[in-house]
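# Tertiary structure, described
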Amino acid sequence: MQTIDDALKKLKKSSFRSKFHLSFAEKEYYNKNGDDEICRHARDFVRKRLAPAEIPNDGRQTPMRGHPVFVAQHACACCCRGCLNKWYKVPENRELTDDETERIVRLLMEWIRREMKDKDF
């Protein structure tokens, strides 16, 4: 099982995944709402849009921008079940376990926290 640091290092090597960054507006949204609230959003988004066994619009359920979690999902390859399978070997067509959901949320939040340390903000 890879650590969050290992996953983030691997994602940085991907030209597609490494191009994602929080915009100024998304960073402002994070600062306005706080880490705990963004974490609640992340957990809610993952449970509703990623955790079910069958997702009617899988591959298109996660917007590319507009919320820090959406950007993090694309940056971390947690945007759809296909990406979860490709990057983390999470089987498709079965509900995510609570442990898998929490591991995804922790990864997303760590990516967001690191983005918030960017000096361009």
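Let me begin by describing the structure that accompanies this report. (Residues numbered from 1 in each chain as written. Predicted model: local features only at pLDDT ≥ 70, side-chain atom pairs only at ≥ 80, totals over all residues. Heavy atoms only, no water.)

## A word on the nonpolar core
Among the nonpolar cores identified, the biggest contains 36 residues, and C76, C78, L96, I104, L108, W111 and I112 are the most heavily contacted of them. Mapped onto this core, the elements with two or more residues apiece are helix 1 (4-12), helix 2 (24-49), helix 3 (68-75), helix 4 (81-88) and helix 5 (98-116). Considering each element in turn, this core owes the most residues, 8 residues, to helix 5. Ignoring any residue separated from it by four or fewer positions in sequence, one finds I104 in contact with V46, L50, C78, L84 and L96. (Core = buried A, V, L, I, M, F, W, Y, C linked by side-chain atoms within 4.5 Å. Buried < 20%, exposed > 50% of the residue type's maximum accessible area, 1.4 Å probe, protein only. Helix = DSSP H or I, 4+ residues; strand = E, 2+ residues; numbered from the N terminus. Contact = heavy atoms within 4.5 Å.)

## A few points about the pattern of salt bridges
Counted according to the given criterion, the structure contains 8 salt bridges. Between E102 and R47 there is a salt bridge, and its shortest N-O distance comes to 3.9 Å. Taken together, the residues span a long stretch of sequence, with E102 in helix 5 and R47 in helix 2 at a distance of 55 residues. Overall, the relative accessible area of 48% leaves R47 in the partly exposed class. Here E100 ties to R94 by a salt bridge, and the two come within 2.6 Å at their closest N and O atoms. Under the relative-accessibility criterion, E100 is labelled buried at 15%. Its relative accessible area of 28% is what places R94 among the partly exposed residues. The network of salt bridges with shared partners includes D5, E110 and R114. (Salt bridge = Lys/Arg side-chain N within 4 Å of Asp/Glu carboxyl O.)

## Comments concerning the layout of surface pockets
If you add up the space inside the largest pocket, you get close to 330 Å³. In this structure, the largest pocket is lined by 14 residues; those nearest its centre are Q2, Y88, R103, I104 and L107. Going through the elements one at a time, helix 1, helix 4 and helix 5 are the ones with two or more residues in the lining of the largest pocket. Tallying contributions element by element places helix 5 first for the lining of the largest pocket, with 5 residues. (1 Å grid on protein atoms, 1.4 Å probe; cavity = no way out; pocket = protein on both sides within 12 Å on 5 of 7 lines; lining within 4 Å. Points joined across faces, edges and corners; volume = space filled by probe spheres on them.)

In short, the description is geometric, and any link to function would need to be established separately.
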